[in-house]
Amino acid sequence: MWIVGSGGVGREALDTALAAGVPVAGFLDDRGQGGTVRGLPVRAPKELPAGDGYLIGIADPAVRARLAALLDGLGGRPVTLVHPKAIVAPETELGHGSLVMGGAYVSSSVRLGSHCQVHYNATVGHDTVLADLVTVYPGGNVSGSVHAEQGATVGSNAVVLQGRRLGRYAFVGAAAVVTRDVPAATTVAGSPARPLAHRGG
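Conventions and cut-offs
- In every chain, residue numbers begin from 1 and rise along the written sequence.
- Where totals are concerned, whole chains, interfaces and linings use all residues; where local detail is concerned, this predicted model gives features only for residues with pLDDT of at least 70, and gives and counts side-chain atom pairs only at 80 or more.
- Computation of side-chain values: all heavy atoms of the structure, hydrogens and water removed.
- To qualify as a nonpolar core, a set must consist of buried Ala, Val, Leu, Ile, Met, Phe, Trp, Tyr and Cys residues joined through side-chain atoms within 4.5 Å.
- Buried, partly exposed and exposed residues are distinguished by accessible area as a fraction of the type maximum, computed with a 1.4 Å probe on protein chains only: under 20%, between the cut-offs, and over 50%, respectively.
- Contact between two residues is taken to exist if any of their heavy atoms lie within 4.5 Å; hydrogens are not considered.
- Under the pairing criterion, centres of Phe, Tyr and Trp rings, with the six-membered ring standing for Trp, must be within 6.5 Å; the plane angle then separates stacked pairs below 30 degrees from edge-to-face pairs above 60, leaving the rest tilted.
- In DSSP terms, a helix is any run of H or I states spanning at least four residues, a strand is any run of E spanning at least two, and both are numbered starting from the N terminus.
- The salt bridge criterion pairs a side-chain nitrogen of Lys or Arg with a carboxyl oxygen of Asp or Glu, the two atoms within 4 Å.
- UniProt positions are given in the numbering used here, feature names are shortened, and annotations may be inferred rather than shown by experiment.
- A pair of strands is considered paired only if DSSP assigns at least 2 bridges between the two.

**Description of the nonpolar core**
- Counting residues in each nonpolar core, the largest one holds 28 residues, and the members touching the most others are Val118, Leu130, Leu166 and Val178.
- Setting aside anything within four residues of it in sequence, one finds valine 178 in contact with Val159, Val160, Leu161, Arg164, Leu166, Val172, Val188 and Ala193.
- Listed in part, the 17 residues of the second largest apolar core include Leu40, Val42, Ala59 and Val79.

**What to know about the packing of aromatic side chains**
- All told, the structure shown has 1 aromatic pair when counted by the stated rule.
- Residues tyrosine 137 and phenylalanine 171 carry aromatic rings whose centres are separated by 6.4 Å and whose planes lie at 80 degrees to one another, so their mutual orientation is edge-to-face. With a gap of 34 residues between them, tyrosine 137 in the loop between β16 (135-136) and β17 (141-142) and phenylalanine 171 in strand β22 (residues 171-172) connect regions that are remote in the sequence.
- Phenylalanine 171 gets classed as buried once you look at its relative accessible area, which sits at 19%.

**Quick word on the pattern of salt bridges**
- Under the defined criterion, the tally for this structure stands at 4 salt bridges.
- Here arginine 38 and aspartate 15 are joined by a salt bridge, their closest N and O atoms 2.8 Å apart. A residue pair is termed long-range when its members are at least 10 positions apart, and arginine 38 in the loop between β3 (36-37) and β4 (40-43) and aspartate 15 in helix α1 (residues 8-20) qualify at 23 residues.
- For arginine 38, a relative accessible area of 47% corresponds to the partly exposed category.
- One salt bridge in this structure joins arginine 31 and aspartate 29, with 3.7 Å as the shortest N-O distance.
- Its relative accessible area of 8% is what places aspartate 29 among the buried residues.

**A short note on the UniProt feature "domain: PglD N-terminal" (unreviewed entry) in the protein**
- Residues annotated in UniProt with the feature "domain: PglD N-terminal" (unreviewed entry) correspond here to residues 3-68.
- Along residues 3-68 one finds 32% helix and 23% strand; the C-alpha atoms at either end are 12 Å apart.

**Quick word on the pairing of β4**
- Two elements, strand β2 (residues 26-28) and β4, share 2 bridges in a ladder whose sense is parallel. Its bridge partner lying in β4, phenylalanine 27 is registered against valine 42.
- Alignment of β3 against β4, held across 2 bridges, turns out to be antiparallel. Of the residues in β4, the one forming a bridge with threonine 36 is proline 41.

**Topic: the sheet that holds strand β20 (residues 159-160)**
- Spatially, β8-β11-β14-β17-β20-β23 is the arrangement adopted by the 6 strands of the open sheet, whose pairing is parallel. The sheet is open, and its two borders are formed by β8 (87-88) and β23 (177-178), each paired with just one other strand.
- Summarising the sheet, strand β11 (residues 105-106) and strand β14 (residues 123-124) pair through 2 bridges and their orientation is parallel. Across the sheet, the residue bridging to tyrosine 105 is threonine 123, located in β14.

**Points about unusual backbone geometry**
- In this structure, proline 192 follows serine 191 across a cis peptide bond, with omega equal to -5 degrees.
- Positive phi, normally seen in glycine, also occurs at asparagine 121, with a value near 65 degrees.
- Structurally, the position occupied by asparagine 121 is in the loop between β13 (117-118) and β14.
- Look at asparagine 121 and you get exposed, because its relative accessible area is 52%.
- A positive phi angle, near 60 degrees, is found at serine 145, a position not held by glycine.
- Look at serine 145 and you get partly exposed, because its relative accessible area is 32%.

Structure representation (structure tokens):
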């Protein structure tokens, strides 16, 4: 398989692959093409061989969406990676191309869409639904029965309380505490979390 993006999240995806015993052929990244990262070759995304697996190691959900469309069009196959030191409870579904890093806990009866990321030491509570391209940064705590719509992001050490809804491409700032629903394309911060600005997406 190939890891798309050779920055921080891409290298953490490589760590996950190595821990899980999944061979990695190299990185796909326009910026570093022709070079190497951690001893692996870096090629342009358009050079993905048809039929090969890929995982997008980039935090920005809009960029993940664009690259997934490109790579699927080239005949790529999204691969799901779970670190062996992560916990994924029973009756939980992980969508194609999702990444669950070491120390993460994904509880019972959770559904992750395609190309989601649950970073190290993050938690996702029971009966939660993360739509496509949702990201939970390190230490983020998503409580039970939360619904995060496409492209939503939960920042490092943020908390989303039980039953809340995050709209499309909503962004929860680091260490925020979400006590009410967050509208689409809105950034919230603080405790309790309050809107700061609108985002595109």
